[in-house]
Amino acid sequence: MDARSPDLTPDAAGWRTDAPANKSLAEVNGTIAIPAAAAWWRRLLAFVGPGYLVSVGYMDPGNWATDLAGGSKFGYTLLSVILLSNLMAILLQSLAARLGIVADRDLAQACRATYSPAVNLLLWLACEAAIIACDLAEVIGTAIALKLLFGIPLIGGALIAALDAFLLLLLMNRGFRFLEAFVIALLVVIAVCFAIQIAAAAPPVAEVIRGFAPRTEIFTNPEMLYIAIGIIGATVMPHNLYLHSSIVQTRAYERTDEGRREAITWATTDSTIALMLALFINAAILVVAAATFHKSGHADVAEIGQAFELLSPLLGLGIASTLFAVALLASGLNSTVTATLAGQIVMEGFLDLRLPSWARRLLTRGIAIIPVIIVTAIYGERGTADLLVFSQVVLSMQLPFAVIPLVRFVSDRRKMGKFAISRGVAATAWIVAGVIVILNVKLLFDTIFG
């Protein structure tokens, strides 16, 4: 069978026979040693890292607007929605890790090894659109933070944010552990900034706890429901599923049934703990907004710039606004780095590119960042809030194209063998996928026609 007529029939394992056998992120695949015959906590520490890279997408600047709006308008009520969306994320990311560990393929490679070339091209284009949308939110968030902290014009901040490709090259050349350490350090900065702000805001603990209990009001109040849908729609990021299925393979676990079973356990534990940190950050943004803005009657705060201007005066803490901007800068920087890595994974997986790693990163970064710079330059500072909303709408459109193949693959016993998920887990995953798709379609419809 020649290159012009590829054999599209599946092999015994359920993958197309013409699918390339390249490793995902080949330059770092299997490079992080797992200590043999060591204590459980040392083996867990060896797997710690990928979950935190993934968690970055769940607290990126695109989430901040929905959390700020929810807290300022409705107090602590929507904390239950943040909790629900986080539980959905934990399930989907565990499935992405399982796919990567068992199939030795990331999600993009799995799609390429299952669907026809035409379908794969469409999936790649949809995923690139999602990555550009993610970059839009992340670059704008970084640019806003640089403007608030240093007075750098928005377009200048966007150009500075585009340099993250070189930062990624530097970190990856030092080893994947350096990249993970960099991301975790910035996550700690974000957590500390918000911990200080929560302490200053002193929210009533009983009200915060009650906020995590679902209320019927969320469904009966149209405005509250709209923001709730926005929170869920902004939480599960399509590129994170591609990213996680790849970077779990950086661990040098034994490629045997026992080794894979242990790797799934530790990788799932890592991502679950990391996503609980994301839950804390998103909840903290909403809690600070509720305790500061909602309590003082500023129920219309939905933009990052507004929050920055009001935090210090309302909290009576001079550094509160600065801490907020520092956390935003750390979030934006983290998000652009991980989105660049996800872009490389997606392009390699769908297109099977044969380029040096540095060239692939610069190419994938250029494809994503150039439209972002152009749009930012056209819209300027007044359009940042609209751009953040627009980015979430584009993500909503792409999400089904990542979630549905993922659930389908991990449920397929031909592809996953004994590691295929049980019928109960599969049913839950399909329900979660259905809920996310329906809510995102509604969010898209309301945004366009509402």
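How each quantity is defined
- Residues numbered from 1 in each chain as written.
- Predicted model: local features only at pLDDT ≥ 70, side-chain atom pairs only at ≥ 80, totals over all residues.
- Heavy atoms only, no water.
- Helix = DSSP H or I, 4+ residues; strand = E, 2+ residues; numbered from the N terminus.
- Buried < 20%, exposed > 50% of the residue type's maximum accessible area, 1.4 Å probe, protein only.
- Contact = heavy atoms within 4.5 Å.
- Areas by Shrake-Rupley, 256 points an atom, 1.4 Å probe, with all protein chains shown as cover.
- Expected span 1.5 Å × (residues − 1).
- Salt bridge = Lys/Arg side-chain N within 4 Å of Asp/Glu carboxyl O.
- Patch = residues over 30% accessible without salt bridge, like charges linked within 9 Å, V, L, I, M, F, W, Y side chains within 5 Å.
- Disulfide = S-S within 2.5 Å.
- Core = buried A, V, L, I, M, F, W, Y, C linked by side-chain atoms within 4.5 Å.
- Axes fitted to C-alpha atoms, helices over the stretch in contact; angles between N-to-C directions.
- Parallel < 35°, antiparallel > 145°, perpendicular 65-115°, else oblique.
- Left-handed = near helix turned anticlockwise from the far one by under 90°.
- Polar contact = N/O pair within 3.5 Å; in protein donor to acceptor, adjacent residues only side chain to side chain.
- pLDDT = per-residue confidence, 0-100.

K.L.:
When you look at the overall build of the protein in this model, what are you seeing that I'm missing?
P.N.:
Secondary structure summary: the protein contains 20 helices and zero strands in total. The buried share of the protein, reckoned over its 450 residues, is 57%. Sequence separation of at least 24 residues holds for 83% of the intrachain contacts in the protein that already meet a minimum separation of 6. For the protein, the accessible surface area stands at approximately 17600 Å², while carbon and sulfur atoms represent 68% of it.

K.L.:
Explanation requested: helix α3 (residues 61–74) in the structure shown.
P.N.:
The α-helix winds at 3.6 residues per turn, so residues separated by three or four positions along the chain end up facing the same way. Taking 1.5 Å per residue as the helical rise, α3 with its 14 residues ought to reach 20 Å, and the 20 Å between its terminal C-alpha atoms agrees with that figure. Of all the 14 residues making up α3, 13 are buried; the element is thus mostly covered by neighbouring parts of the structure. Where α3 terminates, the next one or two residues include Gly75, which has phi positive at roughly 65°.

K.L.:
How should I be thinking about the pattern of salt bridges in this particular structure?
P.N.:
Side-chain pairs of opposite charge can arise whenever the charged atoms involved come near each other. In this structure the tally under the stated criterion is nine salt bridges. Measuring nitrogen to oxygen at the nearest pair gives 2.7 Å for the salt bridge that ties Lys73 to Glu223. One end of the pair, Lys73, is in helix α3; the other, Glu223, is in helix α12 (residues 222–235), and 150 residues separate them in sequence. The partly exposed category is assigned to Lys73, whose relative accessible area is 32%. The exposure class of Glu223 is partly exposed, given its relative accessible area of 41%.

K.L.:
What's the story with a nonpolar patch on the surface in this structure? I'm lost.
P.N.:
Where nonpolar side chains cluster on the molecular surface, the patch consists of Ile160, Leu163, Phe166, Trp358 and Leu362 and spans about 510 Å² of accessible area. Tracing the sequence through the fold places Leu163 in the loop between α7 (154–161) and α8 (164–174). For Leu163, a relative accessible area of 49% puts it in the partly exposed group.

K.L.:
What is the right way to read the state of the cysteines from this model?
P.N.:
In protein structure, a disulfide is the covalent linkage between the sulfur atoms of two cysteines. Applying the stated criterion across every chain yields a total of zero disulfides. The closest cysteine sulfur to the non-disulfide-bonded Cys111 is located on Cys127, 8.8 Å from its own sulfur. By relative accessible area, which is 0% here, Cys111 ends up buried.

K.L.:
What is the right way to look at the nonpolar core in this model?
P.N.:
Side chains of a nonpolar character, in soluble globular proteins, are inclined to be buried together. Judged by nonpolar contacts, the single largest core of 143 residues is most densely connected at Leu78, Leu179 and Leu341. A total of 20 residues in this core trace back to one element, the largest contributor, which is helix α14 (residues 257–294). Among residues more than four places away in sequence, those in contact with Leu341 are Leu25, Leu53, Leu168, Met172, Phe176, Leu179, Leu243 and Ile247. In terms of nonpolar packing, the next biggest core, distinct from the first, is built from six residues, Ala130, Ala133, Cys134 and Met237 among them.

K.L.:
Even after reading the chapter, I still don't get the packing of α3 against α14, so can you show me in this structure?
P.N.:
Axis angle and axis distance: for two packed helices, these are the angle between their axes and the distance between the axes, and together they describe the pair. Here α3 crosses α14 at 40°, and the two axes come no closer than 7 Å. Between α3 and α14, the angle is such that the two are oblique. With respect to the hand of their crossing, α3 and α14 are arranged in right-handed fashion. Facing α3, whose interface residues are Asn63, Trp64, Asp67, Leu68, Gly70, Gly71, Ser72, Lys73 and Phe74, α14 presents Asn282, Ile285, Leu286, Ala289, Ala290, Phe293 and His294.

K.L.:
Would you explain the environment of Leu243 in this entry?
P.N.:
Its location among the elements puts Leu243 in helix α13 (residues 238–247). Exposure remark for Leu243: the relative accessible area of 0% places this residue in the buried category. With 147 residues separating them along the chain, Leu243 and Ala96 place their C-alpha atoms 8.6 Å apart. Those residues in contact with Leu243 that sit more than four places away from it in its chain are Leu53, Val54, Thr338, Leu341, Ala342 and Ile345.

K.L.:
Just checking my understanding: could you explain the side chain of Ser245 for this structure?
P.N.:
In this fold, Ser245 is placed in helix α13. Judged by relative accessible area, which is 0%, Ser245 ranks as buried. From its side chain, Ser245 meets the backbone oxygen of Leu241 in a polar contact 3.1 Å long. A distance of 2.9 Å separates a polar atom in the side chain of Ser245 from the backbone oxygen of Tyr242. Beyond its immediate stretch of four places on either side in the chain, Ser245 contacts Ala96, Gly100, Arg105, Asp106 and Leu107.

K.L.:
Just checking my understanding: could you explain the confidence of the model for the protein for this structure?
P.N.:
Reading predicted coordinates in detail is not appropriate for stretches of low pLDDT. Of all residues in the protein, 89% attain a pLDDT of 70 or more, and the chain-wide mean is 85. Scored below 50 in pLDDT, residues 1–7 makes five contacts in the model with residues more than four places away or belonging to other chains.

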